[in-house]
Amino acid sequence: MSQADATRHANDADLPAHADLPAHEDLPAHADDAATLEPRGVRPPLVDIADRRGQDELLQIRNDLMTVYRPVSADDPRLFPLRYARAGAGRDGRRSGLPPIVILPDGPELASVLPYDVLRRMMTMRGLDVIMVEHRGVGLSRLDAEGRDLTADAMRLAEVVGDVLAVLDRSGVERAVLYGVGYGAALAQILAAEHPERVHSLVLDSPLTSADDEEVGQRRFRELYWEGADPQTASIASVLRGLVEDGVLDGPSAGPVLAAVHEYGGPDAVGDLVDLLAQGRGALTWRSIREVLTREWLQSTPYVFENDLVARIARTELGMGSHADGGDLDPLALLAEQVADAAPFAGEPFDLHALSRRITAPTLVLAGAEDLVSPPEIARDLAGRIPGAHLLELQGLGHSILDAHPNVAIVAAWWSAAGCADQLAGRERELAAIPRASLNRALGHTLRIALLAERISPWKLRLESARMRREGAGENATGRRARRASAL
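Heads up: these notes are all about the structure in this document. Keep in mind it's a predicted model, so treat the numbers as computed, not measured. (Residues numbered from 1 in each chain as written. Predicted model: local features only at pLDDT ≥ 70, side-chain atom pairs only at ≥ 80, totals over all residues. Heavy atoms only, no water.)

### Points about the overall build of the protein chain
Each helix and strand in the protein chain was counted, giving 19 helices and ten strands. A separation threshold of at least 6 residues defines the contact pool for the protein chain, and within that pool the share at least 24 residues apart is 75%. (Helix = DSSP H or I, 4+ residues; strand = E, 2+ residues; numbered from the N terminus. Contact = heavy atoms within 4.5 Å.)

### Focus: empty space enclosed by the protein
A complete count under the given rule lists one cavity of 30 Å³ or more for this structure. In this structure, the largest cavity encloses a volume near 50 Å³. Looking at the largest cavity, the residues that line it are Leu157, Ile190, Leu208, Ser210, Ala211, Glu317, Leu318, Glu348, Pro349, Phe350 and Leu352. Along the lines of polarity and charge, the residues of the lining of the largest cavity split into eight nonpolar, one polar and two charged. (1 Å grid on protein atoms, 1.4 Å probe; cavity = no way out; pocket = protein on both sides within 12 Å on 5 of 7 lines; lining within 4 Å. Points joined across faces, edges and corners; volume = space filled by probe spheres on them. Nonpolar A, V, L, I, M, F, W, Y, C, P; charged D, E, K, R; others polar.)

### Concerning the pairing of strand β9 (residues 363-368)
Within a regular strand, side chains alternate between the sheet's two faces. Burial runs high along β9: six of the six residues are buried. Of the two faces of β9, the one lined by Thr363, Val365 and Ala367 and the one lined by Leu364, Leu366 and Gly368 are each fully buried. Alignment of β9 against strand β10 (residues 390-394), held across five bridges, turns out to be parallel. Directly across from Leu366, in β10, lies its bridge partner Leu392. (Buried < 20%, exposed > 50% of the residue type's maximum accessible area, 1.4 Å probe, protein only. Pairing = 2+ DSSP bridges.)

### Observations regarding the nonpolar core
Counting 59 residues, the largest nonpolar core has Leu157 and Leu202 as its most contacted members. At nine residues, the largest contribution of residues to this core is made by helix α5 (residues 183-194). The contacts of Leu202, once residues within four sequence positions are left out, are Leu178, Ala188, Ala192, Ile359, Pro362, Thr363, Leu364 and Ser416. With 39 residues, the next largest nonpolar core counts Tyr116, Val118, Val177 and Ala417 among its residues. (Core = buried A, V, L, I, M, F, W, Y, C linked by side-chain atoms within 4.5 Å.)

### Remarks on unusual backbone geometry
The peptide bond linking Gly107 to Pro108 adopts the cis configuration, its omega dihedral lying at 15 degrees. Within the fold, Pro108 resides in the loop between β3 (101-104) and α3 (117-124). At Ser206, a residue that is not glycine, the phi angle is positive and equals roughly 50 degrees. Tracing the sequence through the fold places Ser206 in the loop between β6 (199-205) and α6 (213-225). With relative accessibility at 1%, the residue Ser206 sits in the buried group. The backbone of Ser400 sits at a positive phi, close to 70 degrees, despite the residue not being glycine. Turning to its location among the elements, Ser400 is positioned in the loop between β10 and α15 (401-404).

### Topic: the packing of helix α7 (residues 234-245) against helix α8 (residues 251-278)
Helix-helix packing is described using two parameters, namely the angle between the two axes and the distance between the axes. In contact at an axis separation of 11 Å, α7 and α8 are set at 130 degrees when each is read in the N-to-C sense. Taken together, the axes of α7 and α8 are oblique relative to one another. Handedness of the α7/α8 crossing: right-handed. Contacts from Ile236, Val239, Leu240, Leu243 and Val244 in α7 reach Gly251, Leu258, Pro267, Val270, Gly271, Val274, Leu277 and Ala278 in α8. Residues that form the contact of α7 with α8 fall into these classes: eleven nonpolar, two polar and no charged. (Axes fitted to C-alpha atoms, helices over the stretch in contact; angles between N-to-C directions. Parallel < 35°, antiparallel > 145°, perpendicular 65-115°, else oblique. Left-handed = near helix turned anticlockwise from the far one by under 90°.)

### Regarding the pairing of strand β1 (residues 65-73)
Two elements, β1 and strand β2 (residues 76-87), share eight bridges in a ladder whose sense is antiparallel. Residue Leu65 lies in a different strand from β2, and its bridge partner there is Ala85. What sits between β1 and β2 in their antiparallel hairpin is a turn of two residues.

### Quick notes on α7
In a regular helix each residue adds 1.5 Å, so twelve residues correspond to 16 Å; α7 covers 17 Å between its end C-alpha atoms and thus fits that length. Turning to α7, its buried residues number three or more, namely Ile236, Ala237, Leu240, Leu243 and Val244. For α7, the buried positions fall inside an angular range of 120 degrees around the axis, keeping them on one side. In α7, those exposed residues whose orientation departs by more than 90 degrees from the buried face are Ser235 and Glu245. Lining the buried residues of α7 we find α6 and α8. (Expected span 1.5 Å × (residues − 1). Arc of directions from axis to C-beta.)

Okay, here's the thing in structure tokens:
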């Protein structure tokens, strides 16, 4: 495909045509459940995937799961099965004529295969060829060939980079688009700098660029909600300080709760919760969020979120949680607890700041303006270091555009594959107008309802819940109308 053809392919009917990317309810009924395993019209035998022994049956059921055997580590030549999913590949490995897109989610504790089933379906419905690697130490890539957990020595960033290359080799992919989020963006930077011949282009979403990034997020979080440096949050910060001084809130443990509320509801939701607490209400919502954040089932959910083995990568090599200081409103407090059993931070095995200057692949950097995990200034600095990189800073979004607004992520990946991602520069408003389809949005509505439940009477709550549902239906109807119009 020529560059001109690729540009037309990605830009057909211009950007608004990409508003026809499907919302969740526009997918086939079975596609709404990210854990659904059966192909259409076929009901497989029941499989207890929480039982690791069920993996063989799972692999037989799924025709998109593949295996490449990898050394446990550079010092241990024993092999283990590294799993990956590939969807949308045609007879020649492609359907759209575009290079395959390798999605590297945030992590390192986040699984890639089962949690992102719906995303892969959304992308393949656009004709894209999508690969997702189940990172070693997590989910389907957790066990060695004898069924035992991989060892701590196997948990090294260099080995993970080698895993991605092995999947490309096994898949017969010479060059791919790398779409990385957070930790995945760090992997993408290493691959693009060290193996430029394998990388067609990059999309770096909410990127991780050094061990000090979390300190930037920590500082920005406290500026907003403790110091009140922003007019939008000044009154919230003042009330929060008072609640801590009066003993209503425990300052050191409050940070992760407020960070979660901000992530899924923004400053308005934080303000609503703090206002309720000041009135002697809101304790139920606060306790519920705290319990969800700290309970063991969330910290280690098989095939979804498993931090025990990969804590060595997170803490020892990436320094995650090392800036937790035990002070008031520290958003890193819970992260530090989750990786506490791993060896202390020993220094970064890759200098990402230096590597980024060596990247030659066309690069698009994405940032959510409301991101307090990887604040936009980190993305701006990274875009400034990569020669020719373009930055999209999207209003109203937080960490991980892939999760918060997957339709925008798909557009970014598509245009990057077509070699024309630079044409997205300056079109943030058009991108933001694309209808959303995301878990984050659903959780945001749930949070709003929880807050309303402690504020207003039951009949008003029922009316407000109905209004929220109508809003969601209206947004989806708008998306459907846009799709019909674009088809004319």
